[in-house]
Amino acid sequence: MPMPDVVTRFAPSPTGHLHIGGARTALFCWAFARKHRGVFTLRIEDTDQARSSDESARGIMEDLAWLGIDWDQGPEFTTSDGKKIGGDPFRVGPFFQARRVKLYNEHLMRLIEQGKAYPAFEKPEELESKRKAAVAAKQTYRYDRAALREMPDIKDRLKRMESGEPHVIRFFVPDEPVRVQDEVLGEVKYAAGEVDDFVIRKADGFPTYHFAVVVDDETMGVTHVMRAQEHLNNTPRHVALQKALGFRTPVYAHMPLICNMDSSKMSKRDKAKAARAAIKQASQKEPGVASRLASETGLGEKTLADFVAGEIDTVEVATAIGARLNIALPEIEVADFRENGYLPEAINNFVALLGWNPGMKLPDGKDLEKFDNAFLCQHFSVERIGKTSAKFDRTKLMSFNADAINALPDAVFAARWRAWCAEFSPEIVRRVPEARWGILASAVKARAKTFREASKPCAFAMLDDGAIVFDQAAVDKNLLANDKQGLALLRAFREAFAAAFPESSGDEVGAGPSHAIIETLAKDRGLGMGPVAQAIRVALAGVAVTPPLGETMAVLGRRSTLARLDRCLATHHG
RNA sequence: GGCCCCGUCGUCUAGCCCGGUCUAGGACACUACCCUUUCACGGUAGGGACAUGGGUUCGAAUCCCAUCGGGGUCACCA
């Protein structure tokens, strides 16, 4: 099978969950490939042995699949509904860089033989101190080619290298300007001497990112590289390497960054920042909070001290601390959004709009901004990628999510919400029988911005009848005010309800009929719905906010409804 | 600090390439009112931007220059 004209790739390093910015990159690469009937590649950049893990790689694939992004070549993966993704139809694998070391070394030896790369033997500490000195002197640090000066004869260096002495391989960067042609930014020029002799193979024998990327993009047939703008300054390195190796240069398109509302780059470190800030705040009230956390999280004093000092900022540590301190860390990774009840279609749509737009109008003249992945595959174009970085406005995402939820047919919402709850809020699934779930779901759908928020007003359904806690303010206002008007209404309602649903009728209660009882009662008394409904709400849920009452009673059923009414009446001796 | 990128409502953006149709359009958020049994949804209306200064031109958000501002990047991480 011949390689198509368009091959794109998404190449994450497996050091954690998929970042939301990575999701956008993947989405664009995928959509571009689909639009041009090309091939979308997933490649795992696991050359950092210390930080990479198979779990992360699997997690990223799960996140991608959840978003509906499938890859034509890459690691094999089976989705939760049994669809197989990935494989190696063009025989260019494997797709884990750690398994391609032999290939890298072949190309690397070629460079060394041609004098375009050379071993260097400085210790990391030596380089580090030179770097620090340069920074202190307010000068730009560039590798000074000391290795070449000290041992001019390549044969000597190769002998030393073969003797097993620890070394890195550096690329001998030609002394010439580099032009990068970028489809988003236009031509970007780098003067000769801007790029120094960077390392292309580490002391552990693994290639660095720059080298692996260049070799892989060539050997995997990648034609279009779309990535975030933070990589722009890497591109001259890659172009220089391609030239030295005799490779083609793919088409580049660097897309704008996704930033926080304070315009810093949105990064996993933000979680650590938030956790650190929380510790600082907590320590004002509780001086020993750090050591308490150290033992409670099981992280230990040392790790926690390093974390507070900013020496480490891993997501795992931040998450453990956040959980202990009971604070919400910012949503950064796709998994965070999933956990908080966002729909993949809303995330895709929103994230696609960060830096791209279809440039189309609706018949009523408004801009078209709601679309799905199929639309994106049909209309995505690099030309319409913007240049300016975008701030990630969670409020707007939330609005998109609410719209996406509302667009779901009731039955679909019910099923998807239940699936979400089963994973992240199992108590409610345990409490509300399947037969009544549809009623709850339809009652809650219109007011839910996320799956998680949909569950909030359902607290009433997760408590035993005797466990309802009456909010005092709600009781005062809706039951006791006006000479206990609410209690009187409640008593009347209790009688009417019991009469309408005698014991012999079973436990099922219709939402419509229940609602009708309230209506009749209000009418008979010459009252609006308010006083009656609010009193009942407080009796059934303890608070003044619940889904519509007919549905609420239908979910509770006859027995629970009566039990709660009676308990409320007794507690406040109506 | 060097290098690189960017600069339209608070935010995402349309318009910019191909100056006039822009008294700059949409969306989210905000404010007010309407609807309403709570919370929401929904409806209507409103405030809100071309960073600044110079050019070019009959005419500039659109072209040019400068200034200012913001961001990214400077690893044996990717």
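Residues numbered from 1 in each chain as written. Chains lettered and ligands numbered in written order. Predicted model: local features only at pLDDT ≥ 70, side-chain atom pairs only at ≥ 80, totals over all residues. Heavy atoms only, no water.

1. Brief notes about the overall build of chain A
Here is step 1 of the chain: Scanning chain A from N- to C-terminus turns up 24 helices and 13 strands.
Here is step 2 of the chain: Principal axes of the C-alpha set define a box for chain A whose edges measure 105 × 60 × 40 Å.
Here is step 3 of the chain: Taken across its 574 residues, chain A has 49% of its residues classed as buried.
Here is step 4 of the chain: Across chain A, the fraction of contacts at a sequence separation of at least 24, relative to all contacts at a separation of at least 6, is 74%.
Here is step 5 of the chain: Of the charged side chains in chain A, 78 are positive and 77 negative; the average position of the first set lies 2 Å away from that of the second. (Helix = DSSP H or I, 4+ residues; strand = E, 2+ residues; numbered from the N terminus. Buried < 20%, exposed > 50% of the residue type's maximum accessible area, 1.4 Å probe, protein only. Contact = heavy atoms within 4.5 Å. Lys, Arg positive; Asp, Glu negative; His and termini not counted. Charge placed at Lys NZ, Arg CZ, Asp CG, Glu CD.)

2. A look at the pairing of strand S8 (residues 186-190)
Here is step 1 of the chain: Where strand S7 (residues 178-182) and S8 come together, 5 bridges link them in antiparallel fashion. Among the inter-strand pairings, Val178 is bridged to a residue of S8, identified as Tyr190.
Here is step 2 of the chain: Connecting the antiparallel pair S7 and S8 is a turn made up of 3 residues. (Pairing = 2+ DSSP bridges.)

3. Topic: the sheet that holds strand S6 (residues 168-171)
Here is step 1 of the chain: If you walk across this open sheet you meet the 3 strands as S5-S6-S9, and the pairing is antiparallel. Sheet topology places strand S5 (117-120) and strand S9 (199-201) at the edges, where each strand pairs with a single neighbour. Across the sheet, the mean angle from the axis of one strand to that of its neighbour is 45°, orientation sign disregarded.
Here is step 2 of the chain: As paired elements, S6 and S9 share 2 bridges and run antiparallel to each other. Note on S9: the bridge partner recorded for Arg170 is Val199.
Here is step 3 of the chain: Across the sheet, helix H6 (residues 154-162) lies against S5, S6 and S9, angled at about 55° from S5, the strand it touches most. (Axes fitted to C-alpha atoms, helices over the stretch in contact; angles between N-to-C directions.)

4. Describing the protein's contact with RNA strand B
Here is step 1 of the chain: In the vicinity of RNA strand B there are 64 residues, among which Lys202, Asp367, Glu369, Arg447 and Arg537 approach most closely.
Here is step 2 of the chain: For RNA strand B, the fraction of protein-proximal atoms (within 4 Å) that sit in sugar or phosphate groups is 72%.
Here is step 3 of the chain: Taking Asn233, its side chain carries an N or O atom lying 2.7 Å from a base nitrogen of RNA strand B.
Here is step 4 of the chain: When contributions to the surface near RNA strand B are tallied by element, the ones reaching two or more residues are helix H4 (124-136), S6, S8, helix H7 (209-219), strand S13 (390-391), helix H16 (394-407) and helix H23 (529-541).
Here is step 5 of the chain: Broken down by element, the residue count for the surface near RNA strand B peaks at 5 residues, all from H23.
Here is step 6 of the chain: Per-class residue counts for the surface near RNA strand B are 20 nonpolar, 20 polar and 24 charged. (Near = heavy atom within 4 Å. Polar contact = N/O pair within 3.5 Å; in protein donor to acceptor, adjacent residues only side chain to side chain. Nonpolar A, V, L, I, M, F, W, Y, C, P; charged D, E, K, R; others polar.)

5. Some remarks on the confidence of the model for chain A
Here is step 1 of the chain: Looking at chain A, the pLDDT average stands at 93 and 100% of residues meet or exceed 70.
Here is step 2 of the chain: Prediction confidence for the complex, expressed as pTM and ipTM, is 0.95 and 0.95 respectively. (pLDDT = per-residue confidence, 0-100.)

6. Thoughts on the packing of helix H21 (residues 472-500) against H23
The relative placement of two packed helices comes down to the angle between their axes together with the axis-to-axis distance.
Here is step 1 of the chain: As a packed pair, H21 and H23 sit with axes 8 Å apart at the nearest point and diverge in direction by 95°. Between H21 and H23, the interaxial angle falls into the category roughly perpendicular. On the side of H21, the interface is formed by Ala474, Val475, Asn478, Leu479, Gln485, Gly486, Leu489, Leu490 and Phe493, while H23 contributes Pro531, Val532, Gln534, Ala535, Ile536, Val538 and Ala539. (Parallel < 35°, antiparallel > 145°, perpendicular 65-115°, else oblique.)

7. A look at the packing of aromatic side chains
Here is step 1 of the chain: Counting across every chain of the model gives 19 aromatic pairs.
Here is step 2 of the chain: The interplanar angle of 25° and the centroid separation of 5.2 Å between the aromatic rings of Phe371 and Phe375 together place this pair among those described as stacked. There is no split in this pair, since Phe371 and Phe375 are both buried.
Here is step 3 of the chain: Taken together through their ring pairs, the aromatic side chains of Phe28, Phe32, Trp356, Phe371, Phe375 and Phe380 make up a single cluster.
Here is step 4 of the chain: One cation-aromatic arrangement involves Arg145 over Phe172; the distance from NZ or CZ to the ring centre is 4.0 Å.
Here is step 5 of the chain: One cation-aromatic arrangement involves Lys370 over Phe400; the distance from NZ or CZ to the ring centre is 4.5 Å. (Phe/Tyr/Trp six-rings, centres within 6.5 Å; stacked < 30°, edge-to-face > 60°. Lys NZ or Arg CZ within 6 Å of the ring centre and 35° of its normal.)

8. Re the pattern of salt bridges
Here is step 1 of the chain: Across all of its chains, the model carries 44 salt bridges by this definition.
Here is step 2 of the chain: Across the pair Asp216 and Arg43 runs a salt bridge whose closest N-O atoms are separated by 3.7 Å. With Asp216 in helix H7 and Arg43 in the loop between strand S2 (39-42) and helix H2 (54-67), this residue pair connects regions lying 173 residues apart in the sequence. Across this residue pair, the class does not change: Asp216 and Arg43 are buried.
Here is step 3 of the chain: Because the salt bridges share partners, they merge into one network encompassing Arg9, Arg43, Glu45, Arg100, Asp216 and Asp217. (Salt bridge = Lys/Arg side-chain N within 4 Å of Asp/Glu carboxyl O.)

9. Examining helix H1 (residues 20-35)
Here is step 1 of the chain: Taking 1.5 Å per residue, 16 residues should reach 22 Å; H1 reaches 22 Å between its end C-alpha atoms and fits that length.
Here is step 2 of the chain: Counting buried residues in H1 gives 14 out of 16 residues, a clear majority hidden from the surface.
Here is step 3 of the chain: Immediately downstream of H1, the backbone of Arg37 shows phi near 50°, a positive value. (Expected span 1.5 Å × (residues − 1).)

10. Here we look at the side chain of Asn373
Here is step 1 of the chain: Tracing the backbone shows Asn373 in helix H15 (residues 373-379).
Here is step 2 of the chain: The class for Asn373 is buried, based on a relative accessible area of 16%.
Here is step 3 of the chain: Other than its neighbours up to four places away in sequence, Asn373 contacts Leu27, Trp30, Leu67, Gly68 and Asn348.

11. Topic: the nonpolar core
Here is step 1 of the chain: One finds Phe413, Trp417, Ile428, Trp437, Leu440, Leu490 and Phe493 to be the most contacted residues of the largest nonpolar core, which totals 57 residues.
Here is step 2 of the chain: With 9 residues, H21 is the single largest residue contributor to this core.
Here is step 3 of the chain: Sequence-distant contacts of Leu440, defined by excluding residues within four places in its chain, comprise Trp417, Ile428, Val432, Cys458, Phe460 and Val555.
Here is step 4 of the chain: The next biggest cluster of nonpolar side chains, apart from the first, holds 54 residues, and it includes Ala26, Leu64, Leu354 and Phe380. (Core = buried A, V, L, I, M, F, W, Y, C linked by side-chain atoms within 4.5 Å.)

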